[in-house]
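Chain and residue survey
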Amino acid sequence: MTSDIPPGSEVTNVSVDDLSSSFLSLRIGEKIPRFEIKEIRKITNPSKQDNLSRVNYKYIIESTEGRLLTVNSWVLWKAISAVLRQAGTIQAVLELEHLDFEKYTVKVLNK
């Protein structure tokens, strides 16, 4: 088995803990039932292709559990920012669901 590894390669064993990702996705039909926001970061990077359309940035929302949600859809960002403005705080607990193409449901839950 080790003969299949090219010379100079580094081998690292993978454990079960390595299989869980800190990155969340919100594809069509997916739901995040509870996401407690720790902070929101605006990431400016003109060379990235996963930015919001027609701008050089995207938003990354980090949960209190260290999970990361990349927001690179204006429709999702507008839904999130609207409920946070209405709640009057960034540190909120959200329920997010991607219903269909450019259709999201975002709710603020009680902590």
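Above this note sits the structure.
As a starting point, this report considers the structure included with it.

About the criteria used
- Residues numbered from 1 in each chain as written.
- Predicted model: local features only at pLDDT ≥ 70, side-chain atom pairs only at ≥ 80, totals over all residues.
- Heavy atoms only, no water.
- Helix = DSSP H or I, 4+ residues; strand = E, 2+ residues; numbered from the N terminus.
- Rg over C-alpha atoms; globule rule 2.2 N^0.38 Å.
- Buried < 20%, exposed > 50% of the residue type's maximum accessible area, 1.4 Å probe, protein only.
- Contact = heavy atoms within 4.5 Å.
- Areas by Shrake-Rupley, 256 points an atom, 1.4 Å probe, with all protein chains shown as cover.
- Lys, Arg positive; Asp, Glu negative; His and termini not counted.
- Charge placed at Lys NZ, Arg CZ, Asp CG, Glu CD.
- Pairing = 2+ DSSP bridges.
- Polar contact = N/O pair within 3.5 Å; in protein donor to acceptor, adjacent residues only side chain to side chain.
- Core = buried A, V, L, I, M, F, W, Y, C linked by side-chain atoms within 4.5 Å.

1. Things to note about the overall build of the chain
- The number of helices and strands found in the chain is one helix and six strands.
- Put simply, the chain runs from its N terminus to its C terminus through helices and strands in the order β-β-β-β-α-β-β.
- Against the globule reference of 13 Å for 111 residues, the chain gives a C-alpha radius of gyration of 18 Å, more extended than a compact globule.
- Taken along the three principal axes of its C-alpha coordinates, the chain extends 60 × 35 × 25 Å.
- The burial tally for the chain puts 28% of its 111 residues in the buried class.
- Taking as baseline every contact in the chain between residues at least 6 positions apart, the subset at least 24 positions apart corresponds to 47%.
- On the chain, roughly 7900 Å² of surface is accessible, and the fraction owed to carbon and sulfur atoms is 49%.
- Once the 15 positive and 14 negative side-chain charges of the chain are each reduced to a mean point, those two points are 11 Å apart.

2. Examining the sheet that holds strand E2 (residues 31–44)
- Reading across the sheet, the six strands line up as E1-E4-E3-E2-E5-E6 and stay open at both edges, with mixed pairing between neighbours. At either margin of the open sheet sits one strand with a lone partner, and together these are strand E1 (23–24) and strand E6 (103–109).

3. Notes on the side chain of His 98
- Mapped onto the elements, His 98 comes out in strand E5 (residues 93–100).
- A polar contact is formed between the side chain of His 98 and the backbone oxygen of Asp 100, at a distance of 3.1 Å.
- Excluding its chain neighbours within four sequence positions, the residues that come into contact with His 98 are Leu 26, Arg 27, Ile 28, Gly 29, Glu 30, Lys 103 and Tyr 104.

4. A closer look at the nonpolar core
- Counting 20 residues, the largest nonpolar core has Val 71, Leu 76, Ile 80, Leu 94 and Leu 96 as its most contacted members.
- For this core, the secondary-structure elements that each account for two or more residues are E2, strand E3 (57–63), strand E4 (68–71), helix H1 (74–87), E5 and E6.
- Sorting elements by how many residues they give to this core places H1 first, with five residues.
- Contacts of Leu 94, omitting those with residues within four sequence positions, involve Ile 32, Pro 33, Arg 34, Phe 35, Ile 37, Ile 80, Val 83, Leu 84, Val 106, Lys 107, Val 108 and Leu 109.

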